[in-house]
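Observations on the three-dimensional arrangement
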Amino acid sequence: MAHPLSVIAAIGLLSPLLACTPQQSVREPVIGPCEGCEAVFDGMAPIESVPPSARIAPEDEPGTPMVVRGTVRNQRGEPAPGIVVYAYQTDSDGAYPVDPSLRRRPGERHGRLRGWVRTDARGHYEFLTIRPGAYPDSSEPEHIHMHILEPGLGTYYIDDVMFTDDPLLARQTRRQPQRGGPGVVTPRRDDEGRWVVTRDITLGLNVADYPGR
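Reference entry: report on the structure contained in this document. (Residues numbered from 1 in each chain as written. Predicted model: local features only at pLDDT ≥ 70, side-chain atom pairs only at ≥ 80, totals over all residues. Heavy atoms only, no water.)

Description of the overall build of the protein chain
Across its full length, the protein chain holds one helix and 11 strands. Helices and strands appear in the protein chain in the N-to-C order α-β-β-β-β-β-β-β-β-β-β-β. Burial analysis of the protein chain (213 residues in total) assigns 50% to the buried set. (Helix = DSSP H or I, 4+ residues; strand = E, 2+ residues; numbered from the N terminus. Buried < 20%, exposed > 50% of the residue type's maximum accessible area, 1.4 Å probe, protein only.)

Shown next as structure tokens:
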């Protein structure tokens with residue numbers, strides 16, 4: 001989950017998607033090794049008001065539009081409603097665009113392109129965004145970071161969303177097993193010319209110290 005220093009240095013500082021106080025406390029515990037998990041709560045609206053579909057990138061953000069959607073299930077394979085999925089990513093140039101309002105706050109390193117959704121009664125969620133760029137001068141594939149917040153249980157990160165058509169992916173040895181289920185997805189174009197990918201999630205799968213089995 002660590003970013004190259006050149007990318008981290010570029011993270012700075014635009015307006016948060018949702019207001020919060022800088023000292024907002026973490027309500028659910030962080031589960032397992034989880035770099036940056038405290039940022040899940042930085043700027044998040046009250047859980048009950050988080051929608052099932054939301055934007056990471058605004059409509060006027062440069063780049064190719066992308067839709068990331070999927071179904072969250074428990075380890076018995078049942079749809080899991082009311083689960084918060086948090087995601088953040090680079091812009092089309094591979095940088096985490098700055099957000100001044102996040103200075104010296106947990107969300108600072110995640111930048112401006114970040115968002116939250118809460119699964120509906122069928123366990124479905126959806127993000128509207130752009131396809132992320134790869135880090136400049138790096139062999140790291142294009143990716144979207146994802147964290148899970150299970151209300152009343154805890155928060156943890158799952159494997160990044162990556163793309164089968166990314167040439168950089170072929171050079172990377174994927175670790176096994178993957179947290180939350182496979183994160184490598186196949187992009188397809190819809191009638192509007194957007195990339196559409198499906199990232200299904202299994203709660204707690206392969207997550208160290210997960211208490212909800």
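From this point on, the discussion continues.
A word on the state of the cysteines
Inspection of the entire model under this criterion finds one disulfide. What pairs with Cys-34 in a disulfide is Cys-37, and their sulfur atoms sit 1.6 Å apart. Of the two residues, Cys-34 and Cys-37, both sit in the buried class. (Disulfide = S-S within 2.5 Å.)

Topic: the side chain of Arg-179
Along the polypeptide, Arg-179 turns up in the loop between strand E7 (154-163) and strand E8 (184-185). Residue Arg-179 is classed as buried on the basis of its relative accessible area, which comes to 14%. Polar contacts involving the side chain of Arg-179 include one to the side chain of Asp-159, which spans 3.1 Å. Dropping the residues within four chain positions of it, Arg-179 is found in contact with Tyr-157, Ile-158, Asp-159, Arg-199, Leu-205, Asn-206 and Val-207. (Polar contact = N/O pair within 3.5 Å; in protein donor to acceptor, adjacent residues only side chain to side chain. Contact = heavy atoms within 4.5 Å.)

Side note on the pattern of salt bridges
Per the stated rule, a full pass over the model turns up 12 salt bridges. Arg-69 is the partner of Glu-126 in a salt bridge, and the nearest nitrogen-oxygen pair spans 2.8 Å. With Glu-126 in strand E5 (residues 124-130) and Arg-69 in strand E2 (residues 65-73), this pair connects stretches of sequence that are 57 residues apart. For Arg-69, a relative accessible area of 31% translates into the label partly exposed. A salt bridge links Arg-76 to Glu-78, with the shortest nitrogen-to-oxygen separation between them at 3.0 Å. Here the residues in one salt-bridge network are Arg-131, Glu-142 and Asp-165, joined through shared partners. (Salt bridge = Lys/Arg side-chain N within 4 Å of Asp/Glu carboxyl O.)

Some points on the side chain of Asp-91
Position of Asp-91 relative to the elements: it lies in the loop between strand E3 (84-89) and strand E4 (114-118). Although Asp-91 is buried, it makes no salt bridge; Arg-112 carries the closest opposite charge, 5.7 Å away. The residues contacting Asp-91, other than those within four sequence positions of it, are Glu-61, Pro-97, Leu-113, Ile-130, Pro-132 and Gly-133. (Lys, Arg positive; Asp, Glu negative; His and termini not counted.)

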